[in-house]
Amino acid sequence: MIPELSVNLNPVKVDNTLQISYSIADASPQEVERLASAPIENVMSQLRDLDKISSVSRYNGGNVSLEFSRNTDMGYKRFEVAALLRQLYPQLAKRVSYPFISPLQDQNQQQDLLRYTLSAPLAAFKIEEVLKESILKKIQSTEGVKATPIYGATPLQVGIYYSSTKLSSYSFTPADLKRALSNAGGLRYPGLAKMNSQQFLSILLDGRFKNIQQLGEMYVTNSEGRSMRLKNLAEIIPEEQTPQSYYRINAKNFVTLAIEAREGVNRLQLARLLKSEINSATELLPSGYELRLVSDDTEFIEKELDKLYQRSLLSILILIGFIFLINRDWRYLLVLFSGIVVNCCLAIIGIWLFDIQIHIYSLAGLTISFGLIVDNAIVMIDHIHKYKNKHLFLALFAASLTTIAALLLVFLLPEDQKNNLIDFTKIVAVLLGVSLLVALFFTPALYQLLFEQKAAGSKKQSYKGLRRRVKLFRIYYLFIAWNAHYRKWWFIAFLLAFGLPVFLLPSKWEGQEWYNNTIGSDLYQEDIRPISDKLLGGSLRLFVRNVYERSSYREKEKTRLYVNAQLPYGNTLEQMNVIIKDFESYLLAQKGIQTFTTNIRSGQFASIEIVFEEAYELGGLPYQLKARLSARSTNWSGVKWNIYGVGQGFSTGSSDQIPSFRVEMKGYNYFDLEREAKKLAAMLLEHPRIQEVNTNERLSWNDKKSEEYVLVPDVALLAKKGISLSDFADGIRSAARAGSFNNYFEIGGQWWPVKVQETTAGRFDKYTLDNNSIMYSEKRIPVAEVSELFLESTSNAIYKEDRNYIRSVSFEYYGSGRFGDKYLKEVLAKYDKMKPLGYSAAKKTFSWGFNEAKKQYGLLLILIVAIFFICCILFESFRLPFFILILIPIAFIGLFLTFGWFEFYFDQGGYAAFIMLGGLTVNAGIYILYDFQHRKSQNNRNFMKAVSYKSMPILLTIFSTCFGLVPFVLGGQNEVFWFSLAVGTIGGLIVSLLGVFFLLPLMAFKIKK
């Protein structure tokens, strides 16, 4: 079953979203929105279970995203969407390509599984042919392979270059050439032929070309009926296509094969299978070809998994050593260790049945569960040892149920946060359920098998040992009895240690004079508040102020540095290539870089992905190189740079940056929305700490405001000169460079794209339009006289959501992020009263905001209610559960102090620690109260006896859990999720001992009047 499990580094996000993509040649975003996006949105809005519909219209294409409700049958929805598109497509403009449906995927979620380069002393297109024939055919059918794109090879084309002057001299036009080419080539069926046998047979005309020379022999006919061979009218050249992009590894041009894996597959097993198949295919390559593996994404996964396996093994060894030191009996160890093995075997079956993914977070749950498994076994063995029965199982069941209830909170989190912790929850819940069965059946049976009746009975202690126990019990009893007289003061002390949220009180409350005259007065704010916040805020204030405000979400991935460059529209691919080559030459001289991959997508966008050697990725090199590259970028003016890093090497920095804010505005009219954005910007700029507001912030890195030339013909002047509007447009189009291929011909068994272009098209520019005339269809077209050319600003992309246009407004606040957030809320509240109908403005957050935090941590209240009712059912009392609930805030004090005093970084592992503590800390109280309730009489002495009897298994369970987490602390704060989870849980469990052995008996102790 293990090879069948899905193994990834991070959770694979599953979206109920379909994306419809389409393209329109030579179209602006406004045209794309009008011709394709809007019609598709109108049709798709009728679908049932559709939660959100959004679209992006860019140059030459766009997409519409359809987000459906949870539990929707996506297979049926995809079929329904396809049926609607088939009905809609004939009504769309002919320029619109047939829409393509695909699941929406996070582009940054998964890297390429494998990357290979193939080199040989031949042209790149020849190398690509060999790569497809020898390697690609063998791996394309492998189950789990999603896509196999090839980079670095420029395809071939047939270029047909004509001169308008020469064509005119023979009475031909470019339209005659294109018409002849459109009717040539391929297989045609002109009709049916009637045979003598009265049968009708189809006539097949085979117009395919055997070679390019045969293409030149075809005839071109003009409007007068005159025919000439194509080779006499134009030059036919087989050539490489103009490069549309560049893809290099370590500044070298290779033909690169990238292999992408499907979501949900075992990436480790798939990578091993692919490497084995490719290695066997390498032997069949012709001599002179060299295939190299340059990138293997599973190497990092394997290293991380090996690290986790080692830590898990160390965790088990620490548990075994700790338990052996306490009991010094190999049979006791055998019972516990065999229980872990049985639990793990049954858990693998459960993981397979429930289709739980294996990644860093689910492995975290598996490792933590070792401690929980041992805890259940220790408590059950101790009870059997002392009472010779399994009556404690009900308490074990309730304790495990509280932990499962804590984990179920994950299902109430927002989707983006739930995605990471859902498998963590499932795997712990499965192991807890399995451990209960093992503790009820396997552990007692093996214990009775290994221990004789005499050994299983209570060990007789010496008289001296009994006196020492009685003396310690008496001291403990008197200590609790004396402090019980002051329990109110102790309760207040613990309440202040936890903290009252007085530090969160606002300085002013609009419309409430009584508040403003007391809490909001200068006396309180300046003289009293600095002292009262510290005295009353407790550990909660320390956590919120020093830790939580600097916390953030972190992702576990390999350290990478990204350099993104952006040039204005109009720049060529070669211009961008010159800039990027300068950076490549600099990176080649740097020590510690494993590989850097360059991807120049166009004259506007380029990126370099830098991967570091293992010895350098956690050191200072990533930060130093980022700073040096940022300084080097200043040498290139006019280029917009974005240099950033992700992964472990960039995870330890604090969030001490200038706070940046974004406001998302929506409206039904694009231009009115722009005016509303400027109005909001003017309101924000009234604050002196805001220097600049961007009213058209990019919603994606690829977006920016751009400019384009617009040619507007004067129809009246064209008519006077006898030039039709279609001739004017065709004349411009024939003189300019061909934007796309005119035809595709099958030549010699291969499909070749054909480009028909004027020989002088490469020199066609603005000067030509302003000063020269264009000859077309024997007509001279003076472009400058009959039209007007001007530069116009345009948007690079148009975003819509639920058929509303979207605009993003951004600004930086030079001060505390808390005060910047407060000011933004005040401005938005003021704007909300004056905005027109149909428009909205809301703050957009990309991290844990305060409102999200209130919802997220408010779920802990649901946990407390669930634990209360579980304990009410177990103890058949409404009073006793309150004693157990006291333990939860005590454990939280430990977590607050751990992060606050030691300034540890708080990420999603810290929140998982909150959840774990909520379920684990109440277990000790359940065991004590269950023992106390089953004694003959319920008095103070029996309660203290219950605490004393359960002290050893409670200490063992708490310390075994803490020791099991120690290996995950050793990696330091660079360890995403693990470190925060480990230190938070350890700190909370240790401080919870104070609640178990002091505050719980203190509150339950009855004082005689």
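Note that the coordinates shown come from a computational prediction; the quantities given were computed from them, not determined experimentally.

Visitor: Can you walk me through the overall build of the protein chain in this structure?
Guide: Scanning the protein chain from N- to C-terminus turns up 32 helices and 32 strands. Projected onto its principal axes, the C-alpha positions of the protein chain cover 125 × 75 × 65 Å. Looking at the protein chain as a whole, 50% of its 1009 residues are labelled buried. For the protein chain, the exposed surface amounts to about 50300 Å²; the carbon and sulfur share of it is 56%. Considering the protein chain, the positive charge centre built from 112 side chains and the negative charge centre built from 93 side chains are found 10 Å apart.

Visitor: Is there a simple way to explain the confidence of the model for the protein chain in this structure?
Guide: A low pLDDT means the predicted coordinates there should not be read in detail. Looking at the protein chain, the pLDDT average stands at 83 and 90% of residues meet or exceed 70. Every residue in residues 454-459 is under pLDDT 50, and counting partners more than four places away or in other chains gives nine contacts. Of the regions scoring below 50 in pLDDT, residues 651-657 engages in 14 contacts with residues more than four places distant in sequence or in other chains.

Visitor: Any chance you could explain a nonpolar patch on the surface here in plain terms?
Guide: On the surface, W482, Y486, W489, W490, F491, I492 and L495 cluster together into a nonpolar patch covering about 780 Å² of accessible area. In this structure, I492 sits in helix α16 (residues 487-498).

Visitor: Any chance you could explain the sheet that holds strand β8 (residues 156-162) here in plain terms?
Guide: In any sheet, the strands associate via hydrogen bonds between backbone groups, in a parallel or an antiparallel arrangement. As summarised here, the arrangement of the four strands in space is β13-β8-β26-β25, forming an open sheet in which the pairing is mixed. In the strand order of this sheet, the two ends are held by β13 (234-240) and β25 (743-747), each with one partner. If you compare each strand with its neighbour and ignore which way they point, the axes differ by 30° on average. Two elements, β8 and β13, share seven bridges in a ladder whose sense is antiparallel. Along β13, the bridge assignment pairs G159 with I237.

Visitor: Is there a simple way to think about the environment of L725 in this case?
Guide: Tracing the sequence through the fold places L725 in helix α23 (residues 725-735). When residues no more than four places from it in sequence are discounted, the contact partners of L725 are P713 and L718.

Visitor: Looking at this structure, how should I read helix α12 (residues 393-407)?
Guide: In an α-helix, one turn spans 3.6 residues, which is why side chains three or four residues apart end up on the same side. Between its terminal C-alpha atoms α12 stretches 21 Å, which fits the 21 Å expected from 15 residues at 1.5 Å a residue. Most of α12 is tucked away: 11 of the 15 residues are buried. If you check which residues of α12 are buried, you get A395, L396, A398, A399, S400, T402, T403, I404, A405, A406 and L407.

Visitor: Got a minute to help me understand the nonpolar core in this structure?
Guide: Taken as a class, soluble globular proteins show a tendency for nonpolar side chains to be buried jointly. If you look at the biggest cluster of nonpolar residues, it comprises 139 residues, and the most contacted ones within it are F424, F543, F875, I926 and F943. With residues near it in sequence (within four places) discarded, I926 still touches A395, A398, A399, T402, C871, L874, F875 and I884. If you look at the next biggest cluster of nonpolar residues, it comprises 26 residues, including Y116, L131, V255 and L285.

Visitor: What exactly am I supposed to notice about the environment of Y776 here?
Guide: Within the secondary structure, Y776 is located in strand β27 (residues 774-776). Each C-alpha atom of the pair Y776 and S164 lies 7.5 Å from the other, and the pair is 612 residues apart in sequence.

Visitor: Any chance you could explain the packing of helix α3 (residues 124-139) against helix α8 (residues 267-282) here in plain terms?
Guide: Two numbers describe a pair of packed helices, the interaxial angle and the distance between the axes. Contact geometry for α3 and α8: axes closest at 10 Å, N-to-C directions at 155°. One element, α3, and the other, α8, form an angle in the roughly antiparallel class. α8 is crossed by α3, and the crossing has right-handed handedness. When α3 is examined against α8, the residues S134, I135, K138 and I139 are found in contact with a partner set consisting of L274, E277, I278, S280, A281 and T282. Among the residues making up the contact of α3 with α8, the classes are represented as five nonpolar, three polar and two charged.

Visitor: In this structure, what is going on with the pattern of salt bridges? I would like to understand it.
Guide: Charged atoms that come close allow side chains of opposite charge to pair. Taken as a whole and judged by the stated rule, the model has 35 salt bridges. For R248, the salt bridge goes to E584, with nearest N and O atoms at 3.1 Å. Of this pair, R248 sits in strand β14 (residues 246-249) while E584 sits in helix α19 (residues 573-588), and the two are 336 residues apart along the sequence. Note on accessibility: R248 and E584 belong to one class, buried. A salt bridge links E785 to K721; the nearest nitrogen and oxygen atoms lie 3.6 Å apart. Note that E785 is positioned in helix α25 (residues 783-786) and K721 in the loop between α22 (715-720) and α23, a separation of 64 residues in sequence. For E785, a relative accessible area of 48% translates into the label partly exposed.

Visitor: Hey, could you run me through the environment of E235 in this one?
Guide: When you line up the elements, E235 lands in strand β13. Taking C-alpha positions, E235 is 49 Å from R560, a pair spaced 325 residues apart along the chain. Among all residues touching E235, those that are not within four sequence positions of it are G159, I160 and Y161.

Visitor: I keep staring at the pairing of strand β1 (residues 17-23) and nothing clicks. Help me out?
Guide: On a regular strand, each side chain points to the face opposite its neighbour's, so the side chains alternate between the two faces of the sheet. Counting buried positions over the seven residues of β1 gives five, a clear majority of the element. Bridging between β1 and strand β4 (residues 100-103) involves four bridges; their strand directions are antiparallel. Bridge assignment links S21 to a residue of β4, and that residue is F100.

Visitor: What should I look at first to understand the packing of helix α31 (residues 940-965) against helix α32 (residues 978-1004) in this one?
Guide: Where α31 meets α32, the closest approach of the two axes is 11 Å, and the angle between their N-to-C directions is 175°. Compared by their axis directions, α31 and α32 come out roughly antiparallel. From α31, N940, F943, M944, V947, S951, I954, L955, I958, F959, T961, C962 and L965 reach across to α32, where they touch A982, T985, I986, L989, I990, S992, L993, V996, F997, L1000, P1001 and A1004. Residue classes in the contact of α31 with α32 are distributed as 19 nonpolar, five polar and no charged.

Visitor: Whenever I open this one, the sheet that holds strand β20 (residues 605-612) confuses me. Can you help?
Guide: Taken in spatial order, the six strands line up as β15-β14-β19-β20-β18-β21 in an open sheet, and their pairing is antiparallel. Strands at the two margins of the open sheet, each flanked by one partner only, are β15 (252-253) and β21 (640-646). Strand contacts of α19: β14, β18 (560-566), β19 (593-600), β20 and β21, with the helix running at about 175° to β19, the strand carrying the most contacts. Its contacts with the sheet place helix α20 (residues 621-633) against β18, β19, β20 and β21, and it is angled at close to 180° to β21.

Visitor: I'm lost on α23 in this one. Help?
Guide: Those residues of α23 not exposed but buried are D727, F728, G731, I732, S734 and A735. Seen along its axis, α23 keeps its buried residues to an arc of 165°; they face one direction.

Visitor: Looking at this model, I keep getting lost on the packing of aromatic side chains. Mind explaining?
Guide: One pass over the full model with this rule turns up 35 aromatic pairs. The interplanar angle of 45° and the centroid separation of 6.4 Å between the aromatic rings of F494 and F998 together place this pair among those described as tilted. One end of the pair, F494, is in helix α16; the other, F998, is in helix α32, with 504 residues separating them in the sequence. Three or more aromatic residues joined by ring pairs form one cluster here, namely F498, F543, F892, F896, F899, F906 and F914. One cation-aromatic arrangement involves K800 over Y805; the distance from NZ or CZ to the ring centre is 5.2 Å.

Visitor: Looking at this structure, I do not really get the state of the cysteines. What am I missing?
Guide: Disulfide: a covalent bond formed between the sulfur atoms of two cysteine residues. Overall, the coordinates contain zero disulfides when judged by the stated rule. Here C871 is not disulfide-linked; the sulfur of C872 is the nearest cysteine sulfur, at 7.3 Å. A residue is classified by how much of its surface remains accessible, and C871, at 1% relative accessible area, is buried. Classification of C872 by relative accessible area gives buried; the value is 9%.

The rules we used
Residues numbered from 1 in each chain as written. Predicted model: local features only at pLDDT ≥ 70, side-chain atom pairs only at ≥ 80, totals over all residues. Heavy atoms only, no water. Helix = DSSP H or I, 4+ residues; strand = E, 2+ residues; numbered from the N terminus. Buried < 20%, exposed > 50% of the residue type's maximum accessible area, 1.4 Å probe, protein only. Areas by Shrake-Rupley, 256 points an atom, 1.4 Å probe, with all protein chains shown as cover. Lys, Arg positive; Asp, Glu negative; His and termini not counted. Charge placed at Lys NZ, Arg CZ, Asp CG, Glu CD. pLDDT = per-residue confidence, 0-100. Contact = heavy atoms within 4.5 Å. Patch = residues over 30% accessible without salt bridge, like charges linked within 9 Å, V, L, I, M, F, W, Y side chains within 5 Å. Salt bridge = Lys/Arg side-chain N within 4 Å of Asp/Glu carboxyl O. Pairing = 2+ DSSP bridges. Axes fitted to C-alpha atoms, helices over the stretch in contact; angles between N-to-C directions. Expected span 1.5 Å × (residues − 1). Core = buried A, V, L, I, M, F, W, Y, C linked by side-chain atoms within 4.5 Å. Parallel < 35°, antiparallel > 145°, perpendicular 65-115°, else oblique. Left-handed = near helix turned anticlockwise from the far one by under 90°. Nonpolar A, V, L, I, M, F, W, Y, C, P; charged D, E, K, R; others polar. Arc of directions from axis to C-beta. Phe/Tyr/Trp six-rings, centres within 6.5 Å; stacked < 30°, edge-to-face > 60°. Lys NZ or Arg CZ within 6 Å of the ring centre and 35° of its normal. Disulfide = S-S within 2.5 Å.

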